[in-house]
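Chain and residue survey
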Amino acid sequence: MRPLRLDDHEAIVRLLAACKMNPHTRGRDGPAAFRRQLAAHPTTYLGAFDGSRLVGCVFGTHDARKAWINRLAVDPAYRRRGIASRLVTECERRLRRQGMEMFGALIDLPNRGSVGLFRSLGYDVGKLWYARKKQRPGV
């Protein structure tokens with residue numbers, strides 16, 4: 001496991017696609033956005049590797065009051081080996097060093113694997129009302 005780098009971008013996109021996480025390569029998962037994200041969170045965007053192959057990732061962010069566990073993905077061929085747990089645990093550890101004490105993660109409730117994983121890591125999993133807004137250019 002190590003912090004992700006710019007040259008990992010293509011492997012991340014492939015991993016997210018393999019996990020059916022719909023990477024938005026013209027937006028939040030594109031090269032320019034990834035470059036900005038890495039600059040802001042250089043130690044908490046983590047990858048798990050089998051040799052040189054990226055088999056898992058997690059993006060840890062925070063807003064100075066709460067930390068977020070984002071885009072947790074593990075290659076389907078590598079699941080049930082503890083990779084996701086280790087990624088989240090290491091990401092939390094690094095975020096705690098930055099002063100974070102509260103952690104959140106958005107998960108799809110139908111995804112029983114994610115629900116079970118986060119519960120096993122001590123997260124309270126409940127229903128969530130989620131609202132979002134995408135700002136359009138020029139508005």
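So, here is what we can say about the structure in this document. (Residues numbered from 1 in each chain as written. Predicted model: local features only at pLDDT ≥ 70, side-chain atom pairs only at ≥ 80, totals over all residues. Heavy atoms only, no water.)

Side note on the sheet that holds strand β4 (residues 67–74)
Read across the open sheet, the five strands follow the order β1-β2-β3-β4-β5; overall the sheet is mixed. With partners counted over all chains shown, the strands left at the sheet margins are β1 (2–3) and β5 (103–105), one partner each. The strands that helix α3 (residues 83–97) touches are β1, β2 (45–50), β3 (53–62), β4 and β5; relative to β4, the one it contacts most, it runs at about 155°. (Pairing = 2+ DSSP bridges. Helix = DSSP H or I, 4+ residues; strand = E, 2+ residues; numbered from the N terminus. Contact = heavy atoms within 4.5 Å. Axes fitted to C-alpha atoms, helices over the stretch in contact; angles between N-to-C directions.)

Brief notes about the pairing of β3
Burial analysis of β3 places eight of its 10 residues in the buried class, the great majority of the element. Where β2 and β3 come together, six bridges link them in antiparallel fashion. Note that in β3 the partner of Ala48 across the bridge is Gly56. Remark: two residues form the turn of the hairpin made by β2 and β3, two consecutive strands paired antiparallel; Gly51 in that turn has positive phi of roughly 65°. (Buried < 20%, exposed > 50% of the residue type's maximum accessible area, 1.4 Å probe, protein only.)

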